[in-house]
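An overview of the molecular structure
These are the residues of each chain, in order.
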Amino acid sequence: MVAVFCEAVFSGLEYALNEVFLRRAGVHWELLNDAEAFRQHPASCKVNYSLQDLPGVQIPPSGWPHSAAIDPHFKPPMALRHGFLCLFPGDSADGFDLFAMVFWFLSRYEEYQPFRGDSLGRFSPEDSCIPAEWQGFPLVDMAVNHYLQQLGLEPDLKTETAPTVDIDIAFRFAARDTLRSLGAAARDLLKHQELFGQRVKALVSGRDPWDSFPWFVERMQHLPEARVFWQLHHGRNPHDKQVRIRHPRFIRRFDEVHRRIACGMHPSWDSHEIPGQWEREREAFRELAGHVPVHSRQHFLRFRFPDTFRRLEQTGIRYDYSMGWPSLPGFRAGTSKPFAFYDLLQQEERKLVFIPSCIMDVSCRQYQGIDPATAIRTGETLKTRIAA
């Protein structure tokens, strides 16, 4: 048990306390606003979240947030403390407001503010006020671990590899409409002879060049946190080009993967704009898997707070894996740990849990232009920072 004294409770404090103590240290907390009751409290761990002279570890309150309303121009103060970047630094040389920092990062406060966005309208690293040189560090984890150690609590430093795969397009040539395949073959014959040769080879051999399912299933099936996300919609836009999901070959591969690795849905590009589209894709998943999905990751990591995640919750999703930068290895929410969705507009903690990611192959290859060996070294560096 951790006893926490606070004179002025801000909206979201209980959420921050849950994230710091319950999720990361596995201990319960009690919030008190009576100084004498706090002094007499039997808890061996005490946090003095005030400027009063009281027992326990003092965390200087910053006074933020000042109201429940979102300030479109607010940027948190920052300073170097204990070898890392801290938000809401106090007047002393080493103190900072841990709970305000945790709340600002995990609520994704800056993603509710106006931002320019990248070419696809997504919140980008350039939109964040966190300096680029610190976006590759799990700043929330570092800050929480610092104070947990002061309290004599054991921070969670264990790491595990949790690979995930998005199935945007299952096959290069297989499981497609016959007329479209014939038209594509004729086009390739006239304009892309090499591609036409690959198409003929796949037809004759029965082996599709993009059918890598046995390869990754063999490597992922023994990892309990591995996930595979399936795009289940062929749309009228350049971003949704899945094959026929009711084709026997697709169904066979889906079943082979689903029996060995936990699977989820990969909502299509425009699913949040078309009424009922998410529900249709959820039903398609249920028909294939025999149950409704509880895991999900947004196609192209395209989402908006809080609407996307409210709708996912309503659809039955409990775990979302979209919390990562599309263009950059690093920690979008400042953490490597799962955390609860906090709806800033409703001022409440929700049931949906984010499972953040820190590195993606497309980020390394397409956006950063680095080779596989460099990408692996980058991943190892991130893993070292998580365990620090």
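Residues numbered from 1 in each chain as written. Predicted model: local features only at pLDDT ≥ 70, side-chain atom pairs only at ≥ 80, totals over all residues. Heavy atoms only, no water.

Details of the sheet that holds strand E4 (residues 57–58)
The sheet built from 4 strands is open, its strands ordered E2-E1-E3-E4 with parallel pairing. Each of the sheet's edge strands pairs with one partner strand only, and the pair in question is strand E2 (29–32) and E4. By the bridge criterion, 4 bridges tie strand E1 (residues 2–6) to E2 in an arrangement that is parallel. When the sheet's bridge partners are listed, Ala 3 is paired in E2 with Glu 30. Seen against the sheet, helix H1 (residues 13–23) touches E1, E2 and strand E3 (45–49) and runs at an angle of roughly 150° to E2. (Pairing = 2+ DSSP bridges. Helix = DSSP H or I, 4+ residues; strand = E, 2+ residues; numbered from the N terminus. Contact = heavy atoms within 4.5 Å. Axes fitted to C-alpha atoms, helices over the stretch in contact; angles between N-to-C directions.)

Remarks on helix H8 (residues 248–258)
Taken together, the buried positions of H8 are occupied by Arg 249, Phe 250, Arg 253, Phe 254 and Val 257. The buried residues of H8 all sit within an arc of 135° when viewed along its axis, so they share a single face. Against helix H7 (213–220), strand E8 (227–230), strand E9 (262–265) and helix H9 (277–289) lie the buried residues of H8. (Buried < 20%, exposed > 50% of the residue type's maximum accessible area, 1.4 Å probe, protein only. Arc of directions from axis to C-beta.)

So, the packing of H9 against helix H10 (residues 307–315)
For the pair H9 and H10, the least separation of the axes is 10 Å and the interaxial angle reads 40°. One way to sum up the angle between H9 and H10 is to call them oblique. Between H9 and H10 lies a crossing whose hand is right-handed. Here Trp 278, Glu 279 and Arg 282 of H9 lie close against H10, whose contacting residues are Thr 308, Arg 311, Leu 312, Gln 314 and Thr 315. (Parallel < 35°, antiparallel > 145°, perpendicular 65-115°, else oblique. Left-handed = near helix turned anticlockwise from the far one by under 90°.)

Comments concerning the nonpolar core
Ranked by internal contacts, the top residues of the largest apolar core, which has 62 residues, are Val 2, Phe 21, Leu 98, Phe 99 and Trp 104. With 9 residues, the single largest contributor to this core is helix H3 (residues 98–106). Leave out the neighbours within four places in its chain, and Phe 99 touches Phe 10, Leu 13, Ala 16, Leu 17, Val 20, Phe 21, Val 47, Tyr 49 and Ile 59. Judged by nonpolar contacts, the second largest core, of 25 residues, contains Val 165, Ala 175, Val 217 and Phe 250. (Core = buried A, V, L, I, M, F, W, Y, C linked by side-chain atoms within 4.5 Å.)

Remarks on the pattern of salt bridges
With the rule as written, the count across this model stands at 22 salt bridges. Ionic pairing is found between Glu 218 and Arg 219, a salt bridge with its closest N-O pair at 3.8 Å. In the salt-bridge network here, residues are joined through shared partners; they are Arg 310, Glu 313, Asp 343, Glu 348 and Arg 350. (Salt bridge = Lys/Arg side-chain N within 4 Å of Asp/Glu carboxyl O.)

What to know about the pairing of strand E5 (residues 78–81)
Residue alternation in E5 divides its side chains into a buried set, Ala 79 and Arg 81, and an unburied set, Met 78 and Leu 80. Bridge count between E5 and strand E6 (residues 84–87): 4 bridges; the pairing is antiparallel. Note that in E6 the partner of Met 78 across the bridge is Leu 87. Remark: 2 residues form the turn of the hairpin made by E5 and E6, two consecutive strands paired antiparallel; His 82 in that turn has positive phi of roughly 60°.

Some details on the packing of H8 against H9
Relative orientation and spacing of two packed helices are given, respectively, by the angle between their axes and the distance between those axes. Two elements in contact, H8 and H9, have axes separated by 10 Å at closest approach and are oriented at 75°. Our classification of the angle between H8 and H9 gives roughly perpendicular. On the side of H8, the interface is formed by Phe 250, Ile 251, Phe 254 and His 258, while H9 contributes Phe 285, Leu 288 and Ala 289.

So, unusual backbone geometry
Of the consecutive residues Trp 64 and Pro 65, the connecting peptide bond is found in the cis state with omega at 0°. Checked against the element boundaries, Pro 65 lands in the loop between E4 and E5. With an omega dihedral of -10°, the bond running from Phe 305 to Pro 306 counts as a cis peptide bond. Tracing the backbone through its elements, the reader meets Pro 306 in the loop between strand E10 (295–296) and H10. Positive phi is not limited to glycine here, since Phe 88 has a value of about 55°. Tracing the chain through its elements places Phe 88 in the loop between E6 and H3.

What about the state of the cysteines?
Evaluation of the coordinates by the stated rule reveals 0 disulfides. A disulfide-free cysteine, Cys 6 has its sulfur positioned 18 Å from the sulfur of Cys 45, the nearest such atom. Assessed through its relative accessible area of 3%, Cys 6 is described here as buried. Here Cys 129 is not disulfide-linked; the sulfur of Cys 86 is the nearest cysteine sulfur, at 14 Å. (Disulfide = S-S within 2.5 Å.)

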